[in-house]
2 protein chains.
Amino acid sequence: MGESLTQTKQRTTDRQRPTRTADGPRPLGTQEDDGGPVPPDPHEATSLLERARAVVDPELRAAIGSLPGPLRRVALYHFGWQHADGTPAAGNAGKAIRPALVLAAASALGGPEERAAAGRAAAAVELVHNFTLLHDDVMDRDTTRRHRPTAWSVFGEPDAILTGDALQALALRLLAEDPHPASTAATVRLTDCVIELCAGQQADTAMERRDAGEVTLDEVLVMAEAKTGALLGCACALGALYAGSPEEDVEALDAFGREAGLAFQLIDDVIGIWGDPRRTGKPAGADLAARKKSLPVVAALASGTPAAVELAELYASPYDKEDLERTALAVEQAGGRDWAQAQAADRMARAIHELARAVPRPEAAGGLLALAEFVTRRSN
Amino acid sequence: MGESLTQTKQRTTDRQRPTRTADGPRPLGTQEDDGGPVPPDPHEATSLLERARAVVDPELRAAIGSLPGPLRRVALYHFGWQHADGTPAAGNAGKAIRPALVLAAASALGGPEERAAAGRAAAAVELVHNFTLLHDDVMDRDTTRRHRPTAWSVFGEPDAILTGDALQALALRLLAEDPHPASTAATVRLTDCVIELCAGQQADTAMERRDAGEVTLDEVLVMAEAKTGALLGCACALGALYAGSPEEDVEALDAFGREAGLAFQLIDDVIGIWGDPRRTGKPAGADLAARKKSLPVVAALASGTPAAVELAELYASPYDKEDLERTALAVEQAGGRDWAQAQAADRMARAIHELARAVPRPEAAGGLLALAEFVTRRSN
């Protein structure tokens, strides 16, 4: 247990570190390793996300439309398709990153036909993602999601819990109904993923109740992999299954998604401390104010530096606006920011390595790479 | 909307009413219709429940054993297999009525082989039942379940919600992994059932916030069918699917379980007002004290009698121990008790009719009938 910051740093020194620019780290997917993939087109990810939205939205609307009235209402609100009063809304159902990964993986390991066959699986993954958001918001007492009041704060806890339950059932129904030969294996993977997501959220809520100094870096990394990496990995694995790939390629795609997910979480945590509130939608330093045990903070606390001692003292005291800059500086001086960025680069390198194993042709891997690069860069 | 008590009574007058005895209504399954089933052996249900427990317990223990530590701990506690501190407990995982229905249906429409093949489906139904119990207890803020503190009151709301989520995933994983040819159709039915259970619980919690006078009898009947009937129906339907039955027999078995479930709920509501606290585990009149909009109460309120007016006044006032007897008497005088018992008999007659359609041989139908008779009689 208790992987120390120094050890972790050592593990990453033999890998290429991203060069910091004025805007933050260099886009991770563009590192030019020997025989590595070509730099992705910056517009490719946006186009893949739009095309994924076009494929899954009709599936999602049909699935949600089949729900009984009161549950349908909560789901339509949560997906941004209705206002709280039931009138139509422009829609802001999220970026469809997970469905886009399913489709891109099916395309990379198969082709256009395999991509076309994976629409239901893509919608199922998106339903699972949204079921966990509905439940997490209840547990975390979060009041804002996608710039709107959370479902539980509008409709009450029971309706949000029940709609989440129904979305999980809908997701697995979509897969079960799918006549594709991969649907059974996909169902088993997706249910395993749900259990891992639940374990990750359990670990997260349990950590909230502990002192920051008691939490080890290993614990936070395992939690982040379960909460964020597992579903991105599952999305990629489902795409591979729908392409009819052998087990080892399915596993490599799962690992690719997991590592990219961890890279995303690390960058997201950096943004949660030093980010631009206009782009993140939350005030700079919000994670520090909430005393969140984010990856850079726990790494900083484990560094054994004088700044770590100061950070521990600040975290043990109630939040004071005056201390915010000092707290952020302590995380940085203790090496938390550098560690997180090096770790993110390391995870991204591992992701690219896994992808290259299953998809050796750079042209075929391009879509997945563009999406991975997008999720890690969008928060910079 | 608003089916009146009188109308409902009229619909039931042409059917056989149970004769009241000193102990309550006559066991419903023993009515001797022309060509109807033979009276079930009173020990048969107990034996079927014990045999079902023996089949599903190893499946349930294996499934729950596969959960990550903190979720496993909550599940083992909820099933009565561990104390809150993690030490082994004698176990009181409930009566296994739903798994017994799956197995009895597979046996009735198939035979011993079909029964043996339906073990996983039986465990899946029990996992779904327990997932809903975990979540319902959170929403209803219930603090006692099976004579022990509820999981959320011991482990906190997040752990109870997440363990419920994981049990739903486990249930559908069990079915997906099952190589039986019926497993896909069973998954679709079980996910549809989960959605109906959620709708039923949603309706129930929404009704709690309304005045008793605003709630119609139709609404309560629909809610009770969704909350109680749907899963009993699904259990029977899954057994029929695993027996390879044609769609019409699967539907008949579903209807059998639903009607028996409603009969059970009606009798359970009668007990909630006039029952023996030593047998029900809750004080007599508890439902009235909690101002529950149970079926006999809503029927009484809709009766248009002077007693209905008195009952409405009592329900609109805060609970006073002195008024408890008067309230129970008002429900009885307004016809709520007689209506509920006649309705229960009517539902049971319909259940038997549906069963006879799919399983004409009385010997084959005996097990299902014994279980239906057990669930409705056990609360008398």
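Everything quoted here is computed from the prediction, not taken from an experiment. Residue positions are given per chain, counting from 1 as you read along its sequence in written order. Lettering of chains starts at A and numbering of ligands starts at 1, both following the order in which they are written. Where local features are concerned, this predicted model is filtered to residues with pLDDT of at least 70; where side-chain atom pairs are given and counted, the filter is 80 or more; whole-chain, interface and lining totals use all residues. With hydrogens and water set aside, each side-chain value is computed from the structure's full complement of heavy atoms.

This part covers helix α17 (residues 336–358) of chain B. Numbering of helices and strands runs from the N terminus; a helix is a DSSP stretch of H or I covering at least four residues, while a strand is a stretch of E covering at least two. A helix is expected to span 1.5 Å multiplied by its residue count minus one. The first and last C-alpha atoms of α17 of chain B sit 33 Å apart over 23 residues, in line with the 33 Å expected at 1.5 Å per residue. In this scheme, a residue with accessible area under 20% of its type's maximum is buried, one over 50% is exposed, and one in between is partly exposed, where area comes from a 1.4 Å probe on protein chains only. The buried fraction of α17 of chain B is high, at 18 of 23 residues.

Okay, the interface of chain A and chain B next. We call two residues contacting when some pair of their heavy atoms lies within 4.5 Å. Listed as interface residues are 35 residues of chain A and, on the opposing side, 35 residues of chain B. Where chain A abuts chain B, roughly 3,000 Å² becomes buried across the two surfaces, and 70% of that area is made up of carbon and sulfur atoms. Using a 1.4 Å probe, buried area is obtained as the accessible area two parts lose upon being combined, added over both of them. Contact with chain B buries area across many residues of chain A, yet L162, I195 and Q202 of chain A alone supply 18% of it, more than any other trio. What counts as a salt bridge is simple: a side-chain nitrogen of Lys or Arg found within 4 Å of a carboxyl oxygen of Asp or Glu. Across the contact surface, chain A and chain B share 4 salt bridges. One salt bridge connects E157 of chain B with R141 of chain A, and the closest N-O pair in it is separated by 3.9 Å. Two N or O atoms form a polar contact when they lie within 3.5 Å of each other; inside protein one atom must be a possible hydrogen donor and the other a possible acceptor, and for residues adjacent in sequence the pair counts only when both atoms belong to side chains. Where chain A meets chain B, there are 10 residue pairs in polar contact (both at pLDDT 80 or more). Those elements that provide at least two residues to the side of chain A that touches chain B are α3 (69–78), α6 (119–140), α8 (157–177) and α9 (183–208) of chain A. For the side of chain A that touches chain B, the element with the highest residue contribution is α8 of chain A, accounting for 14 residues. Amino acids outside the nonpolar list (Ala, Val, Leu, Ile, Met, Phe, Trp, Tyr, Cys, Pro) and the charged list (Asp, Glu, Lys, Arg) are all regarded as polar, and Gly is one of them. Residues belonging to the side of chain A that touches chain B are distributed by class as follows: 20 nonpolar, 8 polar and 7 charged.

To superpose the copies, least squares is applied to the C-alpha atoms of every residue with a pLDDT of at least 70 in both. When chain A is fitted onto chain B, the two copies agree to an RMSD of 0.0 Å after a turn of 180 degrees and an axial shift of 0.0 Å. Each copy turns onto its partner about a two-fold axis. The share of interface residues of chain A whose copies in chain B are also at the interface is 100%, consistent with both copies meeting through the same surface.

What follows covers the packing of aromatic side chains. Residues and elements named next belong to chain A. We call Phe, Tyr and Trp rings a pair once their centres come within 6.5 Å, taking the six-membered ring for Trp, and we label the pair stacked below 30 degrees between planes, edge-to-face above 60, and tilted otherwise. As enumerated under the stated definition, the model contains 4 aromatic pairs over all chains in all. Between F79 and W81 the ring centres are 5.2 Å apart and the planes differ by 20 degrees, which places this aromatic pair in the stacked class. The exposure class assigned to W81 is buried, which follows from its relative accessible area of 6%. To sit over a ring, a charge needs its Lys NZ or Arg CZ within 6 Å of the ring centre and within 35 degrees of the ring normal. The ring of Y315 carries R291 above its face, with NZ or CZ at 5.3 Å from the centroid.

Moving on, we get to the pattern of salt bridges. All names here are of chain A. Scanning the entire structure with this criterion turns up 46 salt bridges over all chains. Note that R337 and E332 form a salt bridge whose closest N and O atoms lie 3.6 Å from each other. A residue is classified by how much of its surface remains accessible, and R337, at 17% relative accessible area, is buried. One salt-bridge network, held together by shared partners, links R189, E196, E225, E247, E251, D254 and R258.

Moving on: unusual backbone geometry. Residues and elements named next belong to chain A. Non-glycine residue A96 carries a positive phi angle of around 60 degrees. Mapping A96 onto the fold places it in the loop between α3 and α4 (97–109). Under the relative-accessibility criterion, A96 is labelled buried at 2%.

Bringing helix α11 (residues 247–274) of chain B into the picture now. An ideal rise of 1.5 Å per residue puts 40 Å on 28 residues; α11 of chain B measures up with 41 Å between its terminal C-alpha atoms. Summarising burial for α11 of chain B: 23 of the 28 residues are buried, a large majority.

Here we come to the environment of A237 of chain A. All names here are of chain A. Relative to the assigned elements, A237 resides in helix α10 (residues 217–242). Placed 174 residues apart in sequence, A237 and A63 show a C-alpha to C-alpha distance of 23 Å. In this structure A237 touches R189, V250, L253 and D254, once residues within four positions along its chain are discounted.

Glancing now at the environment of K227 of chain A. Residue and element names in this part refer to chain A. Its place among the elements puts K227 in helix α10. As a C-alpha pair, K227 and D204 span 23 residues in sequence and 8.4 Å in three-dimensional space. Engagement of the side chain of K227 in a polar contact is seen with the side chain of Q201, the distance being 3.0 Å.

Right, let's get into the state of the cysteines. Residues and elements named next belong to chain A. The definition used for a disulfide is geometric: two cysteine sulfur atoms within 2.5 Å. This structure, assessed with the given rule, holds 0 disulfides over all chains. Here C193 stays unpaired: no disulfide links it, and the sulfur of C234, its closest cysteine neighbor, is 4.2 Å away. Using a relative accessible area of 4% as the deciding quantity, one classes C193 as buried.

Next up on the list: the packing of α17 of chain B against helix α18 (residues 362–377) of chain B. All names here are of chain B. Angles here are taken between N-to-C directions and fall from 0 to 180 degrees, while the axes themselves are lines fitted to C-alpha atoms, restricted in helices to the stretch in contact. Running from N to C, α17 and α18 cross one another at 165 degrees; their axes reach a closest spacing of 11 Å. On the basis of the axis angle, α17 is roughly antiparallel to α18. The interaxial crossing formed by α17 with α18 has right-handed handedness. Residues M348, I352 and L355 of α17 touch α18, and the partners they reach there are A365, L368, L369, A372, E373 and T376. Per-class residue counts for the contact of α17 with α18 are 7 nonpolar, 1 polar and 1 charged. Just so you know how the angles are binned, under 35 degrees is roughly parallel, over 145 roughly antiparallel, 65 to 115 roughly perpendicular, and the rest oblique. Crossings are assigned a handedness: left-handed for a near helix turned anticlockwise from the far helix by less than a right angle, right-handed for a clockwise turn.

It is worth spelling out the confidence of the model for chain A at this point. Residues and elements named next belong to chain A. Per residue, pLDDT measures the predictor's confidence, with a range of 0 to 100. Per-residue confidence for chain A averages 88 on the pLDDT scale, and 86% of its residues sit at or above 70. Within the model, pLDDT remains below 50 along residues 1–36, and this stretch shows 63 contacts once partners closer than five positions in the same chain are excluded. Across the assembled chains, the prediction reports ipTM 0.88 with pTM 0.89.

What follows concerns the packing of helix α15 (residues 306–316) of chain A against helix α16 (residues 324–333) of chain A. Residues and elements named next belong to chain A. In contact at an axis separation of 8 Å, α15 and α16 are set at 145 degrees when each is read in the N-to-C sense. For the crossing formed where α15 meets α16, the hand is left-handed. Only R326, T327, A330, V331 and Q333 of α16 make contact with α15, whose side of the interface consists of A307, E310, L311, L314 and Y315. Within the contact of α15 with α16, the residues separate by chemical class into 6 nonpolar, 2 polar and 2 charged.

We now examine the environment of Y77 of chain A. All names here are of chain A. Mapping Y77 onto the fold places it in helix α3. Sequence-wise, Y77 and A93 are 16 residues apart; in three dimensions their C-alpha atoms are separated by 9.5 Å. Not counting residues up to four positions away in its chain, the partners in contact with Y77 are Q82, H83, A84, R148, P149, T150, A151, V154 and F155.

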